[in-house]
Amino acid sequence: MYRTHTCGELNINHAGKNVTLSGWVQKSRGLGGMTFVDLRDRYGITQLVFNMEKDGELCRKARKLGREYVIQITGNVAERSNKNLKLPTGEIEILVDTLHVLNSSEVPPFTIETETDGGDELRMKYRYLDLRRQVIRKNLELRHRMAMEIRNYLSGENFIEVETPVLIKSTPEGARDFVVPSRMNPGQFYALPQSPQTFKQLLMVAGFDKYFQIVKCFRDEDLRADRQPEFTQIDCEMSFVDRDNLLDAFEGLSNHLFRSIMGVEINDKYPRMPYDEALRKFGSDKPDTRFGMEIKDLKEHTEGKGFQVFDSAEYVSGIVATGCADYSRKQLDELTDYVKKPQIGTRGLVYVKYNEAGTFKSSVDKFYSPDDLQKWADAMGAAPGDLMLILAGETESTRKALGELRLEMGRKLNLMDPKAYRPLWVVDFPLLEWDEETNRYYAMHHPFTRPYEEDLELFDSDPGKVRAKAYDLVINGVEIGGGSIRIHNEDLQQKMFDNLGFTREEAAKQFGFLMGAFRYGAPPHGGIAFGFDRWVALFAGLDSIRDTIAFPKNNAGRDVMIDSPSSIAEEQLEELFLEVKKEELKKIETRTSGRKQ
RNA sequence: GGUCUGGUAGUUCAGUUGGUUAGAAUGCCGGCCUGUCACGCCGGAGGUCGCGAGUUCGAGUCUCGUCCAGACCGCCA
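These numbers were taken from a predicted model, which means no experiment stands behind them.

Colleague: Is there a simple way to think about the overall build of chain A in this case?
Modeller: Across its full length, chain A holds 18 helices and 22 strands. Each principal axis of the C-alpha distribution contributes one length, and for chain A these read about 95 × 75 × 55 Å. Here chain A holds 597 residues, and the buried ones make up 47% of them. Of the contacts formed within chain A by residues at least 6 apart in sequence, a portion of 65% connects residues at least 24 apart. A total accessible area of about 31000 Å² is found for chain A, and carbon and sulfur atoms account for 49% of it. Within chain A, the 95 negative side-chain charges are centred at a point lying 5 Å from the centre of the 82 positive side-chain charges.

Spelled out as structure tokens, the structure:
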């Protein structure tokens, strides 16, 4: 028997017991006459003691142990004379009788501790060592507990988890597909699912009126800290529901997770904020509502005073930074630099200091009188001591920039309480989105999203104004999930494809199976999918989803541990009737040979 | 596709105006140490300054290219 107990469970109540433990050597501290070894496993750390007087040979053997050796010991649980109350096992230690080295270890390239000295790159390359660290393990344990709670809760609500295929069909809408060549069907390819979208709708047609699945999805797009090429969704679909039934149902799931995992009770119903309002007030379709600082329109108060920048701008708005009237020139310059970064992309920033004394100091004093500025302050709800920050330009981009500036000020002023959770639903997204490059409309959510009946007539006059029965769950400025009520009849679906510029033939070829299914009694239905990795990251307090995933990929989509993707053998290519373009292959070769070992 | 930041000891980083032998901490190795738990003290080893060109009497430092990593924009729901 390798062990009678784990390294996390022994305490003062086990004193006197004879035990066997197995684990990794976290650290050993030799003191000449005696040696202490911290033995670690998944469950915790237990201190082992070796005494030179008691057993010199054994103690000398213990002193030779290196970090991360795997050992097995037997010994007696004893109360410590010097207790360490920082550890759950800190009141006891093991007086070791026998020591057996199960496996030695090379010196690890970084320290296996909560505060590791390893950088990201190294940690990813040796992920199996990184996963030994408590902080990382704890994230995976959180992820596991959340998955269990989700399954239990949804199962209790009569949802059934159904697996859907991974080798499916490429579709033209949405993200790029990962494709898989088919050996048995030369020249043809499967695609990996961007989500099980069509299958869950078919399950609704099949009468599984409440479906869910915790499922891997794949998108071949450029990555970010919160985006991986393969990621996990909590994919859900329900029949016989309208939008509000569905939002209520999944508020239930969200509240359950907050309660069971975080011990947080969310008493209020989640606000349902129209997309337009989110953009107008927060400059974002995923507003962080932990703090106010809403965007206020100033256009009408700025006109006709000879300030060309504002007069010629389509949009002039600002935010109020409470208590920041004493900002120095340097601080204001920093903010100006921030909004002028190419990623934000504005030409400049106008500030108005509403001084404690009631006077104004602004970068546009030349054009606007104190009375004018007072009107601005009134319109924006600014009080003496506050700083008004104003941007002008084209509506859409300037709103987004103000939204970014608002978040930056929120960070600077510590307005984002990491312990506060402000979930809300953003609703009424536009159904369609115009794309300048291809000169056509695209489905903003996806082509199966149901428009509002009362907006249907706009299809012909102003398709961009048609609102969709689509919604996102946003928590603290993070988009946690999104979904929609679906189209369930063939005519409307066809109309949608028409507006997306699909010919009948194309639509039939790509989605014929779904349209066909709709002819056989499709129930009204709708669904939602949550980004599981992001939800775990939110609960774990992480900005990146990488450490919620056991084996993540880097920002180029590479797994630096197994070094994938990689080229494949010529025979494999031939079997698949594939040929790699030579000039492309050269590029790959220089990239691979140039990589650090 | 683009912007920005970084790459120096096993690791995390510092390195001044371009100037003698490239430093610190930590880890590692050796010695001392019987109550440590971030143990302590003493000593030691450890460097292709990512790679390649260029400028210069002289490059870790300046220029160009390139590779790698990270963040962001585009992209993606």
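Colleague: Just checking my understanding: could you explain the packing of helix 5 (residues 197-205) against helix 15 (residues 504-518) for this structure?
Modeller: Angle between the axes and distance between the axes are the two parameters that describe a pair of packed helices. Contact geometry of helix 5 with helix 15 gives a least axis separation of 10 Å together with a crossing angle of 20°. It follows that helix 5 is roughly parallel to helix 15 by the angle criterion. In this structure, helix 5 crosses over helix 15, and the sense of that crossing is left-handed. Here helix 5 contributes Thr 198, Gln 201, Leu 202 and Val 205 to the contact with helix 15, which in turn contributes Phe 513, Leu 514, Ala 517 and Phe 518. Its residues placed into classes, the contact of helix 5 with helix 15 shows 6 nonpolar, 2 polar and no charged.

Colleague: Help me out: how do you make sense of the pairing of strand 10 (residues 230-239) in this one?
Modeller: Regular strands place their side chains on alternate faces of the sheet. A large share of strand 10 lies buried, amounting to 9 of its 10 residues. Pairing geometry for strand 9 (residues 210-218) and strand 10, over 9 bridges, is antiparallel. Its bridge partner lying in strand 10, Phe 212 is registered against Cys 236.

Colleague: Sorry if this is basic, but what is going on with the confidence of the model for chain A here?
Modeller: Interpretation of the predicted coordinates at a detailed level should be avoided for regions scoring low in pLDDT. Averaged over all residues, the pLDDT of chain A equals 92, while 97% of them reach at least 70. Mean pLDDT in chain A bottoms out at helix 18 (residues 582-594), which sits at 48, and peaks at strand 6 (residues 160-161), which reaches 98. Within the model, the stretch residues 587-597 combines pLDDT values under 50 with 4 contacts to residues more than four positions away or in other chains. In the model output, the complex is listed with pTM 0.93 alongside ipTM 0.90.

Colleague: When you look at the protein's contact with RNA strand B in this model, what are you seeing that I'm missing?
Modeller: Near RNA strand B there are 49 residues, and of these Gly 30, Arg 63, Asn 82, Asp 117 and Asn 555 occur at the shortest range. Restricting the count to atoms of RNA strand B within 4 Å of the protein gives a sugar and phosphate share of 56%. A distance of 3.5 Å separates a sugar or linking oxygen of RNA strand B from a polar side-chain atom of Arg 219. Arg 224 places a side-chain nitrogen or oxygen 2.9 Å from a base nitrogen of RNA strand B. At the level of elements, strand 1 (18-30), strand 2 (34-41), strand 3 (44-51), helix 2 (120-125) and helix 18 are the ones that each hand at least two residues to the surface near RNA strand B. With 3 residues, strand 1 is the single largest residue contributor to the surface near RNA strand B.

Rules behind the numbers
- Residues numbered from 1 in each chain as written.
- Chains lettered and ligands numbered in written order.
- Predicted model: local features only at pLDDT ≥ 70, side-chain atom pairs only at ≥ 80, totals over all residues.
- Heavy atoms only, no water.
- Helix = DSSP H or I, 4+ residues; strand = E, 2+ residues; numbered from the N terminus.
- Buried < 20%, exposed > 50% of the residue type's maximum accessible area, 1.4 Å probe, protein only.
- Contact = heavy atoms within 4.5 Å.
- Areas by Shrake-Rupley, 256 points an atom, 1.4 Å probe, with all protein chains shown as cover.
- Lys, Arg positive; Asp, Glu negative; His and termini not counted.
- Charge placed at Lys NZ, Arg CZ, Asp CG, Glu CD.
- Axes fitted to C-alpha atoms, helices over the stretch in contact; angles between N-to-C directions.
- Parallel < 35°, antiparallel > 145°, perpendicular 65-115°, else oblique.
- Left-handed = near helix turned anticlockwise from the far one by under 90°.
- Nonpolar A, V, L, I, M, F, W, Y, C, P; charged D, E, K, R; others polar.
- Pairing = 2+ DSSP bridges.
- pLDDT = per-residue confidence, 0-100.
- Near = heavy atom within 4 Å.
- Polar contact = N/O pair within 3.5 Å; in protein donor to acceptor, adjacent residues only side chain to side chain.

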